[in-house]
Amino acid sequence: MYLYNSLSHKKELFVPNDPNLVKMYTCGPTVYHYAHIGNLRTYIMEDVLEKSLRYLGYPVKRVMNITDVGHLASDADTGEDKMLKGAKREHKSVMEIAKFYTDAFFSDCDKLNIKRPDVVEPATNCIDEYIHMVQTLLDKGKAYLAGGNVYFDTSTLEKYYVFNDHDEEDLAVGVREGVEEDTNKKNKNDFVLWFTKSKFEDQALKWDSPWGVGYPGWHIECSCISMKHLGEDLDIHAGGIDNAFPHHTNEIAQSESYLGHKWCNYWFHVHHLNTDTGKMSKSKGEFLTVSLLEQKGYDPMAYRLFCLQSHYRRNLVFSWENLDNAAMTYEKLIARIAGLKSEGSVDEEAFQQLKQRFVGALNGDLNTSVAVTAVYDVLKAKCSDATKLALIQDFDQVLSLNLLQAAQALREKQAAEAEAQADPEIDALVAARTAAKKAKNFGEADRIRDELKARGIEIIDTPQGSKWRRV
Ligand code: AMP
Ligand code: ZN
């Protein structure tokens, strides 16, 4: 499998440290609000990556954190903790907010067929691990105490900006966010590992530490949670592209300084879902959720298909028109699959041939739009319906679009409608009208039509014969 690696800016052959266990880590949600459909784009594509790896024969262990402490309003370590902000907004405790929005997140994931990672760990569970890593960094001279907080010292690194060839000034924390500079920092990119002094004295969750009562910085949780469950070497770390800097850059700085060796080999970044006014974001306040799409009558699968139709390394523009198109495509696709009969036997040769295109798409840096077109190739192919159904079932292990289930539901709906409509007396009257017309007895034909009309039945004449429906 070839994957684009943000570290090298190239597509690289994916070679896990141990082919018997791919270790994958993904940054989880900050649970101070609902996930918006932009966040969920990232989780959908990560889900496709995990399922593709499994489909291609790699066992995977995937770990995800839940950020329930330490993510401040600005990525530059300033502002209020987002969790506290959420708690104040809703007059609830931080833990109540965390529980509510964690549950809401997984309920959205269920609706979008996003598999739950093997391990899900809330940040507040691992305080001992953070204290241990921070102490080790202090002992190694990679961190310092200033103004009551512990900072990572970026001047100890050979290279800090590992992901980008951007101008350093563009990326400078503070400059980017337009926030006031933290004067405790020795270097502008230094970041907080442990806070004891914050402008916000009412920080809800605090723990004792060798440096005083406080709470962890945002970045430390992902390094420690990953190492807790996956050890010192990581194959793939995934997240949204906005996390590349400063979050992932800081994760690498502290992890590799702590370990004394390289930590993660492949970095997988999903690009943004944008609206016509820019990146969809929780902090802007107005954003779209899966529930809102459902309220408007959209099947969450239409949104999943919308995401799969574009490559994860391209920005995706959301508009209602674009979503309507995806919904229509989904409906038509399901109708075509519903038309397949489970007859005949599976033709192994055709199966393998058609599967190759799908596998090739996944292997080529997760080209999901080509993977979706592989389903259409199957529908058009000259092979038995049984082969087609077997292939669609096979592909849907990765696509997770409920293709066979939705087709079955459609067939059941159509059968129920036909049954509700069935009425032998009306069938007989329609047949009598057809016979009268054939016998050129138009008066009788009109009389029957009028009688049916009075009973609320409309006749539709088609080249295949006369049909009827209730009006
Ligand atoms: P958060 O809950 O804010 O920590 O974000 C959860 C995930 O969603 C992170 O991996 C972000 O990088 C990602 N993300 C945030 N905004 C967007 C967006 N508009 N489009 C795609 N991914 C996003
Ligand atoms: Zn993270």
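Here, the structure is the one placed above.
Just so we're clear, the structure is a prediction, and the values are computed from it rather than from any experiment.

> Looking at this model, I keep getting lost on the overall build of the protein chain. Mind explaining?
Across its full length, the protein chain holds 16 helices and 16 strands. Seen along its three principal axes, the alpha-carbon backbone of the protein chain occupies a region of about 100 × 55 × 35 Å. Going through the 471 residues of the protein chain one by one, you find that 52% of them count as buried. Partitioning the intrachain contacts of the protein chain with sequence separation of at least 6 by distance along the chain shows that 75% fall at a separation of at least 24.

> Help me out: how do you make sense of the sheet that holds strand 7 (residues 149-152) in this one?
Strand pairing in a sheet relies on backbone hydrogen bonds. The paired strands run either parallel or antiparallel. Strand order across the open sheet formed by four strands is 6-7-8-9, with antiparallel pairing between neighbours. Edge positions in the sheet fall to strand 6 (143-146) and strand 9 (215-216), since each has one partner strand and no second. Looking at chain direction, strand 7 and strand 8 (residues 191-195) are connected through three bridges and run antiparallel. Paired with V150 across the bridge in strand 8 is W194. Against the sheet, helix 7 (residues 244-259) touches strand 7 and strand 8, its axis set at about 70° to strand 8.

> Could you clarify how one ought to interpret the coordination of the zinc ion (ligand 2) in this entry?
Geometry reference: four tetrahedral donors at a metal, ideal angle 109.5 degrees. Six octahedral donors, ideal angles 90 or 180 degrees. Each protein donor to the zinc ion (ligand 2) is listed here as C27 (SG), C222 (SG) and H247 (NE2); together their distances run 2.0 to 2.2 Å. Linear spacing of the donor residues for the zinc ion (ligand 2) on their chain is C-x194-C-x24-H. Residue C222 is located in helix 6 (residues 219-230), and its partner H247 is located in helix 7; the two are separated by 25 residues in the primary sequence. When sorted by exposure, C222 lands in the same class as H247, which is buried.

> What exactly am I supposed to notice about the packing of helix 10 (residues 320-338) against helix 12 (residues 368-380) here?
Two numbers describe a pair of packed helices, the interaxial angle and the distance between the axes. For the pair helix 10 and helix 12, the least separation of the axes is 11 Å and the interaxial angle reads 35°. The handedness of the crossing between helix 10 and helix 12 is left-handed. The residues of helix 12 that touch helix 10, namely those facing T329, L333, R336 and I337, are V375, Y376, L379 and K380. Considering only residue class, the contact of helix 10 with helix 12 consists of five nonpolar, one polar and two charged.

> Help me out: how do you make sense of the sheet that holds strand 12 (residues 273-275) in this one?
Taken in spatial order, the three strands make up an open sheet running 13-12-14, and their pairing is mixed. Both edges of this open sheet fall to strand 13 (278-279) and strand 14 (316-317), since each of them pairs with a single strand only. Across two bridges, the pairing between strand 12 and strand 13 is antiparallel. Within strand 13, the position partnered with N274 by the bridge is K279.

> Even after reading the chapter, I still don't get the site of ligand 1, so can you show me in this structure?
Near ligand 1 there are 18 residues, and of these T30, T42, D242, L273 and K282 occur at the shortest range. Interatomic distance of 3.0 Å between a backbone N/O atom of G240 and an oxygen atom of ligand 1. In the model, an oxygen atom of ligand 1 is placed 2.4 Å from a nitrogen or oxygen of the D242 side chain. In isolation ligand 1 exposes 490 Å². Once the protein is present, 94% of that is buried. Among the secondary structure elements, those contributing two or more residues to the shell around ligand 1 are helix 1 (37-55) and strand 10 (234-240). The element contributing the most residues to the shell around ligand 1 is helix 1, with four residues. Of the residues that constitute the shell around ligand 1, the class distribution is four nonpolar, 11 polar and three charged.

> In this structure, what is going on with the environment of L137? I would like to understand it.
Mapped onto the elements of the fold, L137 is located in helix 4 (residues 127-139). For L137, a relative accessible area of 0% corresponds to the buried category. Ignoring anything within four residues of it in the chain, the contact list for L137 reads K142, A143, F152, L193, Q254, S257 and Y258.

> I tried to follow the pairing of strand 1 (residues 2-5) on my own but got confused; where do I start?
A one-sided burial pattern is seen for strand 1, the buried positions being L3 and N5 and the unburied ones Y2 and Y4. Looking at chain direction, strand 1 and strand 2 (residues 10-13) are connected through four bridges and run antiparallel. Bridging across to strand 2, L3 finds its partner in E12. Counted along the chain from strand 1 to the antiparallel partner strand 2, the turn is four residues long, and its residue H9 has a positive phi close to 60°.

Criteria and cut-off values
Within each chain, residue numbers correspond to sequence positions counted from 1 in written order. Working convention: letters from A go to chains and numbers from 1 go to ligands, in the order in which they are written. Local features in this predicted model are restricted to residues whose pLDDT is 70 or higher, and side-chain atom pairs enter the listing and the counts only when it is 80 or higher, whereas totals over whole chains, interfaces and linings include all residues. Hydrogens and waters are ignored; side-chain quantities use all the structure's heavy atoms. Helix and strand labels come from DSSP, where a helix needs a run of H or I of at least four residues and a strand needs a run of E of at least two; each type is numbered from the N terminus. Exposure categories follow from relative accessible area, calculated using a 1.4 Å probe and restricted to protein chains: below 20% of the type maximum is buried, above 50% is exposed, and the middle band is partly exposed. The contact rule is simple, with two residues in contact once any of their heavy atoms fall within 4.5 Å. Two strands pair if DSSP finds at least two bridges between them. Here an axis means a line fitted to C-alpha atoms, over the contact stretch when the element is a helix, while the angle between two N-to-C directions is reported on a 0 to 180 degree scale. Sites may look incomplete because water is not among the atoms; the donors themselves are N, O and S atoms within 2.8 Å of the metal, or within 3.2 Å for Na, K and Ca. Each crossing is labelled by how the near helix is turned from the far one, with a counterclockwise turn of less than a right angle marking it left-handed and a clockwise turn marking it right-handed. Note on residue classes: Ala, Val, Leu, Ile, Met, Phe, Trp, Tyr, Cys and Pro are nonpolar, Asp, Glu, Lys and Arg are charged, and everything else, Gly too, is polar. Any residue with a heavy atom lying within 4 Å of a molecule or strand is counted as near it. Counting of polar contacts relies on pairs of N or O atoms within 3.5 Å, with two restrictions inside protein: one atom must be capable of donating a hydrogen and the other of accepting it, and residues adjacent in sequence are counted only when both atoms are side-chain atoms. Residue exposure ignores everything except the shown protein chains as possible cover, and the areas themselves are Shrake-Rupley values with a 1.4 Å probe.

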